[in-house]
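What follows is each chain in one-letter form.
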Amino acid sequence: MDNEFENIVPWNGANDTGRDVRLKWQRNFERIKANFEEVLALIGKIDIEELAQYFIRKDQPDTTPHQLNVGEFIDSLIAGKGIGLFPDGRAQLSRLEVRDALVVMRLLINEIQAMAGDYSFSDVGHIEKVESVEENTYKLWMERRTEFDFTSLSENDILLSIINNLLTGGKDYYSSWMRVINTNTNDNTLTVVLYPDSEVPGGKNYPPVAGYNVTRRGNAVMPDEGAVNERAQSWLLSSREGRIMFLQNVYKPILEDYNYALTIGKLPNLKALEQLPVTTDNVGIVAQTIIAERFYQFDYNGDVVPNKVDRGEWSLEVAQGEQPYRNVQHERLTEAGTTYTLLEQHTVYHYGCKWGCLVDKTQLEPQWNSPGWVLLEGDKNYTVQFVAPGTAKRGRVNLDITAWVQYGNRDITELLLASAGTEVEWLRDSGNTPSDNSWQPVYVDGKRNVIHIDNSDEHGVGMSFGYEYDTVKFICRVTIPVGSGTETIENYVGFRM
């Protein structure tokens, strides 16, 4: 067929006669016909089945191992454009609009997932059609996602639907509160009645609208005493309110304080907040019951507030048992060295005083010099008291003076005298300095805290007592080892004629 059309006869319309033109047309037509028949013959020799593997056909299912593009295509999730279909089943495009439902086995999305509005963990349905039955009463046709799908909403359920006007370019939204008065499983429909404006949050209620979801917030049936209406409870995650909530005993749209079984996030508007230094802008947890193994608290400066655990009266049996007294600390390494933070301290009462545990699981008794305990409540001062039975008259002085040391409402004299480092010193003050300097105490039975007093100058009140002077003091000074140092206390007992 190469150059066959070069044999077509040209003509010059200005010089040719009508007969010549007809002859040239006839010869050209015959040549074109011959060429066309030759083309048809060549087409008849083509193997259609072989050719079909290179083309996608509309009259039967077809595949291609090659990528298909619609328009100009750039393969990239960030900088791509156009539509691309890949042999491995992947499709890439800029926007996908689904009018009915999107069904996926797995959804891979951005690392950050965002949600606007409310997310209800409860029974839910999608309204396909709304029909007004009578005033404030509507029939709702609910969507069937599958052939065997029926609405899980039932009679007396309190329903909430949030409607917006985004499709018309607006930004407003409003709520529709309804109660189910009838369900029809065959038609998958609900008959609902609107709550009055006075019984809904915000004071204004709106009719339901097709195309929007509706969820169960509660149920209007009050259960019998001791029973629980599980349809009157639900989970709610609200980005608008800034909280996660578990609501229970919801029998009407407007929530009461007792409905907030658990709230995490911004505090709900509870009556109890009026008595506390917090507002609905504060973030926290409100719950009917909290059970925790550990509880940590810190103050406004960020310092940990130790948890004080009251263990009642101290008992050696408890200290040696399976639940001993604890002092729990957190150890951490810093650039400045090792630091310890007190997390939990057990407290006990012993001899009318409150003690705090210093050594974890200590079995020592709480007392003045115990390294395992510290006095928290009680008299933390060491004091010297006296007992002086006997006679103290002119010329007839005969008595024993006993000094005893008290700490935290307890007599610790015997403990002190048995402790190394404890010293007891006695002095006399009669106003006669030379005689007082030479005075020496006489210990009773070798006890350093008990001295015998008589009329003698060397060991007693002195022979001039009652004659040259009328008063005399006996001073007891006690030096007590406390930690790595000492503490000295003193007191006196005096006699007057």
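Just above sits the structure.
Residues numbered from 1 in each chain as written. Predicted model: local features only at pLDDT ≥ 70, side-chain atom pairs only at ≥ 80, totals over all residues. Heavy atoms only, no water.

Glancing now at the overall build of the protein. Looking only at helices and strands, the protein has 5 helices and 30 strands in total. Counting over 497 residues, the protein shows a buried share of 29%. For the protein, restricting intrachain contacts to residue pairs at least 6 apart in sequence, the fraction spanning at least 24 positions comes to 47%. Counting every atom, the protein has about 33,700 Å² of accessible surface; 50% of that belongs to carbon and sulfur. (Helix = DSSP H or I, 4+ residues; strand = E, 2+ residues; numbered from the N terminus. Buried < 20%, exposed > 50% of the residue type's maximum accessible area, 1.4 Å probe, protein only. Contact = heavy atoms within 4.5 Å. Areas by Shrake-Rupley, 256 points an atom, 1.4 Å probe, with all protein chains shown as cover.)

Whenever strands of a sheet pair, they do so through backbone hydrogen bonds, lying parallel or antiparallel. Spatially, the 5 strands line up as an open sheet ordered E4-E11-E12-E13-E14, and their pairing is antiparallel. In this open sheet, the two strands that pair with only one neighbour each are strand E4 (118-121) and strand E14 (283-287). Ignoring strand direction, the axes of neighbouring strands in this sheet form an average angle of 10 degrees. Examined bridge by bridge, strand E12 (residues 243-247) and strand E13 (residues 260-266) share 5 bridges and lie antiparallel to one another. Following the sheet pairing, Met-245 is matched in E13 by Thr-263. (Pairing = 2+ DSSP bridges. Axes fitted to C-alpha atoms, helices over the stretch in contact; angles between N-to-C directions.)

Attention now moves to the sheet that holds strand E30 (residues 485-496). Spatially, the 3 strands line up as an open sheet ordered E26-E29-E30, and their pairing is antiparallel. Strands with a single pairing partner mark the edges of an open sheet, and in this sheet they are strand E26 (423-429) and E30. Sheet twist, expressed as the mean angle between neighbouring strand axes with direction ignored, is 15 degrees. Sheet topology places E26 next to strand E29 (residues 471-482); 7 bridges connect them, and they run antiparallel. Counted as the bridge partner of Trp-426 is Cys-476 from E29.

Glancing now at the layout of surface pockets. Roughly 1,200 Å³ of volume is contained in the largest pocket. In this structure, the largest pocket is lined by 29 residues; those nearest its centre are Val-124, Gly-125, Tyr-212, Asn-213 and Val-214. Only E4, strand E5 (124-134), strand E7 (157-164) and strand E10 (213-219) provide two or more residues apiece to the lining of the largest pocket. When the residues that make up the lining of the largest pocket are grouped by side-chain class, the tally is 12 nonpolar, 11 polar and 6 charged. (1 Å grid on protein atoms, 1.4 Å probe; cavity = no way out; pocket = protein on both sides within 12 Å on 5 of 7 lines; lining within 4 Å. Points joined across faces, edges and corners; volume = space filled by probe spheres on them. Nonpolar A, V, L, I, M, F, W, Y, C, P; charged D, E, K, R; others polar.)

What follows covers the environment of Met-245. Summarising the element assignment, Met-245 is placed in strand E12. Note: C-alpha distance between Met-245 and Ser-234 (11 residues apart in sequence) is 8.3 Å. Discounting residues that sit within four places of it in the chain, Met-245 has contacts with Ser-234, Trp-235, Leu-236, Tyr-260, Leu-262 and Thr-263.

Attention now moves to the nonpolar core. The biggest cluster of nonpolar side chains holds 37 residues, and the ones touching the most others in it are Ile-401, Val-405, Trp-426, Ile-453 and Phe-474. The set of elements that each furnish at least two residues to this core consists of strand E20 (353-357), strand E21 (373-377), strand E22 (383-387), strand E24 (396-407), E26, strand E28 (447-453), E29 and E30. Ranked by the residues each element gives to this core, the list is headed by E24, at 6 residues. Ile-401 has contacts with Phe-386, Val-387, Ala-388, Trp-426, Asn-449, Val-450, Ile-451, Ile-453, Phe-474, Val-493 and Phe-495, leaving out every residue within four places of it along the chain. Core analysis: the second largest hydrophobic core is formed by 12 residues, Ile-127, Tyr-138, Leu-153 and Met-178 among them. (Core = buried A, V, L, I, M, F, W, Y, C linked by side-chain atoms within 4.5 Å.)

What follows is about the pairing of strand E19 (residues 337-350). Looking at chain direction, strand E17 (residues 307-313) and E19 are connected through 5 bridges and run parallel. Along E19, the bridge assignment pairs Asp-310 with Thr-347. In the sheet, strand E18 (residues 327-334) pairs with E19 via 8 bridges, with the strands oriented antiparallel. Following the sheet pairing, Asn-327 is matched in E19 by Gln-345. Linking E18 to E19, which pair antiparallel, is a turn of 2 residues. The pairing of E19 with E20 spans 4 bridges and is classified as antiparallel. Across the sheet, His-350 pairs through a bridge with Cys-353, a residue of E20. Turn length for the E19-E20 hairpin, with the two strands adjacent in sequence and antiparallel, is 2 residues, and the turn residue Tyr-351 shows positive phi of about 55 degrees.

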